[in-house]
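Chain by chain, the residues run as shown.
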2 protein chains.
Amino acid sequence: MTDKNGIDIEKAAEFLDLPPSRFSGLLEKRTIIHNWDEYQNLFRFDSHVSGIEEGSVLIVKDDGFELIRGFPKIKRAMTLVPSIERNFSEAGSVIVEEKMNGYNVRVTEYMGELIALTRSGHVCPYSTERARHLLNHDFFEQHPELVIYGEMVGPDNPYVPKDIYGLESLDFFVFDIRHKTDGKPLPVMKRRELAGNYGFTQVKLFGEFDIQQASAEITEIIRELGKTEHEGVVIKDPEMVLQPIKYTCSEGNNADLRHAFRFYNDSGRDYMFPRVVREGFQSFEWNESEEELKQRCLRLGESILRPMIQSIREVENNERISEDVRIRVKDRDTIDRFRSYLERLGVDVVFSEPERVGDEYLVRINKVNQSTTDKTKSILEGQLWS
Amino acid sequence: MTDKNGIDIEKAAEFLDLPPSRFSGLLEKRTIIHNWDEYQNLFRFDSHVSGIEEGSVLIVKDDGFELIRGFPKIKRAMTLVPSIERNFSEAGSVIVEEKMNGYNVRVTEYMGELIALTRSGHVCPYSTERARHLLNHDFFEQHPELVIYGEMVGPDNPYVPKDIYGLESLDFFVFDIRHKTDGKPLPVMKRRELAGNYGFTQVKLFGEFDIQQASAEITEIIRELGKTEHEGVVIKDPEMVLQPIKYTCSEGNNADLRHAFRFYNDSGRDYMFPRVVREGFQSFEWNESEEELKQRCLRLGESILRPMIQSIREVENNERISEDVRIRVKDRDTIDRFRSYLERLGVDVVFSEPERVGDEYLVRINKVNQSTTDKTKSILEGQLWS
C-alpha cells in the first residue's frame, strides 16, 4: 500500500516498529512530515514519537529505509559538583569538550551526495553546500552506516553569527558520530580518532578527568572560556553510555540574553527564565564575594535592558528591528535556494546583491523582526500593556 | 427548577441574562462555583463569562439576586506621554490617585453583616473581620445598592505584608465605589466625598491635571513614590467613563521581583517578563543618562539574583523556603477560620500561638513554599535542569 506521499506505509511502519495505522495517522496529522523540496524521499519527525527524537529523519531508499536520529537533548548541570557526582559516578572519569555557539547540523549521504540536516530535520541548502566543501566525502563512502553530528560556527552564519572563535567564514566542528537508525554514538576517543583520520575539524578537547577532580578542572575551564564569551562545555562519559551534561559560562549566557532582549517580544519569557536561574546557581556554587556578585548582577541587568532600550530607540527612529547576518557560497544558485528556504520557513529577509570575494560570493541578509518592531511601535503610540 | 446547589436555575439565568442551559452548564463545569463554607448563597465566577468579570459573585437572596462585579482589569501604560494622550484625550483632564501595594477586597452587606470578597471572589474570614471593624456599617444600610472596592494594606497582612506605608497594623483604603449588578462606578470626586462622609480611609489623591500637564506631573509623582518603594498611580477619567490606567515605579517593581525570586520556582517566568520589559520602557522614556541606566541595570540584576541566592543558601542549610506574615484579630475564632480557609486553598501554613496585644491577638504565620524548596534541593543534589 503506497501513500500519496509515495511511501510504502506497511514497510516503513515495520522498519520504525510502529503499527501501520499509527504511522499513517502520524503522516495524516503531520507529526511525520514529507519534505517539500527536491529531497522527495525524506520524512521529518516534527515531534518525539515512541522513542524517536524530534528532528529525526526517515530516508526512503530503493532498497529499504534509513533513520537519521535527531540530536539528543543534553541536560544541564545547574551546580557542577553534585551533578557530576550524581550522573557520572559509574563512569569513574569524564571527558570534557567545548560546547560551541553556532547551529547544529547532521551530515549524511543521500543519493550519492552529502546533505546537511538542521536540528528540526530540514535540509538547509546553505549548510548543505558548506558541508560539501568542508567535509571529506571519503568518510561517507567508507562508513555508510555513520552520521556526523556537529556545529556550524563562525561569522558567515545565517542563524547564530559569532566572531568570538577567530574564524574567517564558517567551519563545521564535529562533536558526535552516531550509527544510523539506532543512533548509537561512538566512544569519545574513538570518534575523535576517526574524525581526525578524515581531517574533520572537531570541537576542542579539554581532557579526561577523574570524577573527583572534574568539577574543579571544569570550573577553571569555564572561567577561562567566559573571558572570551565562549559558551561552555559538554561533559561526557568516555564510553558514551551515560548521558552527557552541559554546563555554561555566565558571559555566554549573558550574550544570549543580550541577543534575546533585542527581540524581546519574540524570544521573551521562556528564553529568559532558565538563563536567569542559571546565574543564581552559579554565583551560589562559586561562593562569590560581594564585589563579584555585584558585577554579575550588573552584567545581568545590562544584558537585559541595554539591548531592549536600543531596540526601542530604533523603532522611535522609524527603523525596523532587524539583524544583519551573512552567508558565503561558492555556487550562486545556493543563494536563491537559501532564500526560498527561509521564506518557506516564514523568515522575513532581505538579501543584498552578492559580492565576489575570492572564488566565493558573500551575501548580506537582513532578517527583520516584525513582531518586536510592531509591539514596540504600538507601545510608543500609547497602546496599553494588558 | 432548583439545582442541587439550591439555586433556581431559571431565575438565576434570567437575572444574568444567560440561557438556563448555559448557566447550568457553567455550574456543571465549575466555571461558576458554589461557595463551600457558611456563606451558602454565594456563587463565584472562576473566569470571565459573557461580559461578567472573573471574580464576580452572585448572591442569592430571598427576594431575588445581586451580582457583585469583579475588579475590572486595569491596563498599564508602558510609556506615559503617548498613553495618556491616546487614552484620555476625550476627557480633557485626569485624576491621579495612588496605587497601593496590598490586596484587593470588595466589601458588601450579606444577610445583615459585612463580608469581604477577595479578587477571586472568596469570602476571606480575616478580611471580613477586619472590614467589620474598619468600616462604618451605616454606609451599607443607607446605600444597599453600592459596593466598596479597596486595598487592604499594612504589615498585618497575610498576603502582601508591607511596612512602607507607616501603618501599625492593617487598614482598608477605598479606591472605588460601584453599583451592584451593572458595576457602574461613581465619578471620582463624588466617590471621595461619599467615602469621606462615612469616615472611610481612602487612597491618596494627587490631584486633577490637564492632559497636557499630566505626564510631567505624574513622572514627578512616580519619582517621589519610588523613593519609598511605593507602587505607583492609577490615572482616571474624572467621570469614570474611560478606563483607568496604571503606571508604576521602578523601585516598587524591583521590590516585587525581589519577592518573586525568593520563590523563583513558583512565580517565575510569567511574573518576571512583563516587569523586566517595563524597566526598559521607563528608562527609554526618561531618557536616562549612562549612570542612571547603569544604576537601573544593577538594581534589576540584584532584585533577581540576591533573593534567589538567599533561597539557595537556606535550602543548603536544610531550611525550608518560607515567608513570615502576621494577622491581628479581635475574635480568636477568626484565627481557626482563617487557617481552614488557607488550607482549603492549598496554602501550606504554620500558625504560631496567638499573642495578646491590647484587645487583639497577633498571630504569626509561616507560609512554606514547598515547590521552590523541593526544586532547589533537587538541584543541590545534582538533579539536572532539563
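Residues numbered from 1 in each chain as written. Chains lettered and ligands numbered in written order. Predicted model: local features only at pLDDT ≥ 70, side-chain atom pairs only at ≥ 80, totals over all residues. Heavy atoms only, no water.

**Student:** Before we go on, may I ask you to explain the relation of the copies chain B and chain A in this structure?
**Tutor:** Each of the two chain copies can be brought onto the other by rotation about an axis and movement along it. Between the two copies, chain B and chain A, the superposition gives an RMSD of 0.0 Å; the rotation angle is 180 degrees and the shift along the axis is 0.0 Å. The symmetry that links the two subunits is that of a two-fold axis. An overlap of 100% is found between the interface residues of chain B and their copies at the interface of chain A, pointing to a shared contact surface. (Least-squares fit on C-alpha atoms with pLDDT ≥ 70 in both. Contact = heavy atoms within 4.5 Å.)

**Student:** Looking at this structure, how should I read unusual backbone geometry?
**Tutor:** Among all residues save glycine, negative phi is the norm, and among peptide bonds the norm is trans. All names here are of chain A. Even without a glycine there, the phi angle at Asp17 is positive, about 65 degrees. Taking the relative accessible area as the measure of exposure, Asp17 reaches 71% and is therefore exposed. A positive phi angle is found at Met111, which is not glycine, with a value near 50 degrees. With respect to the helices and strands, Met111 occurs in the loop between strand S7 (103-110) and strand S8 (113-118). Its relative accessible area of 65% is what places Met111 among the exposed residues. (Buried < 20%, exposed > 50% of the residue type's maximum accessible area, 1.4 Å probe, protein only. Helix = DSSP H or I, 4+ residues; strand = E, 2+ residues; numbered from the N terminus.)

**Student:** Just checking my understanding: could you explain the nonpolar core for this structure?
**Tutor:** In globular proteins that are soluble, nonpolar side chains generally tend to be buried together. The biggest cluster of nonpolar side chains holds 50 residues, and the ones touching the most others in it are Phe261, Met272, Phe281 and Ile304 of chain A together with Phe261, Phe281 and Ile304 of chain B. Every element with two or more residues in this core is listed here: helix H8 (250-262), helix H10 (269-285), helix H11 (290-316) and helix H13 (370-380) of chain A together with helix H8 (250-262), helix H10 (269-285), helix H11 (290-316) and helix H13 (370-380) of chain B. The contacts of Phe281 of chain A, once residues within four sequence positions are left out, are Met78 and Thr79 of chain A together with Tyr264, Met308, Ile312, Thr376, Ile379 and Leu380 of chain B. (Core = buried A, V, L, I, M, F, W, Y, C linked by side-chain atoms within 4.5 Å.)

**Student:** Quick question: what am I supposed to make of the domain arrangement of chain A here?
**Tutor:** Many structure descriptions define interface size as the accessible area lost when the parts assemble. All names here are of chain A. Under the domain assignment used here, chain A contains domain 1 (9-68), domain 2 (75-211 + 233-248), domain 3 (250-316) and domain 4 (322-380). Here the C-alpha centroids of domain 2 and domain 3 sit 27 Å apart. Between domain 2 and domain 3, the residue contacts involve ten residues of the former and nine residues of the latter. Overall, the association of domain 2 and domain 3 removes approximately 750 Å² of surface from exposure, summing both partners, and the carbon and sulfur fraction of that is 45%. Our count for the contact surface shared by domain 2 and domain 3 stands at zero salt bridges. At the level of secondary structure, the elements contributing two or more residues to the side of domain 2 that touches domain 3 comprise helix H3 (80-88) and strand S13 (245-248). (Domains from an automatic or database assignment. Buried area = accessible area lost by both parts, 1.4 Å probe. Salt bridge = Lys/Arg side-chain N within 4 Å of Asp/Glu carboxyl O.)

**Student:** What is the right way to look at the environment of Glu323 of chain B in this model?
**Tutor:** Residues and elements named next belong to chain B. One can find Glu323 in strand S14 (residues 322-329). Sequence-distant contacts of Glu323, defined by excluding residues within four places in its chain, comprise Pro161, His259, Phe263, Ile365, Asn366 and Lys367. One polar contact links Glu323 to His259, side chain to side chain, over a distance of 2.7 Å. (Polar contact = N/O pair within 3.5 Å; in protein donor to acceptor, adjacent residues only side chain to side chain.)

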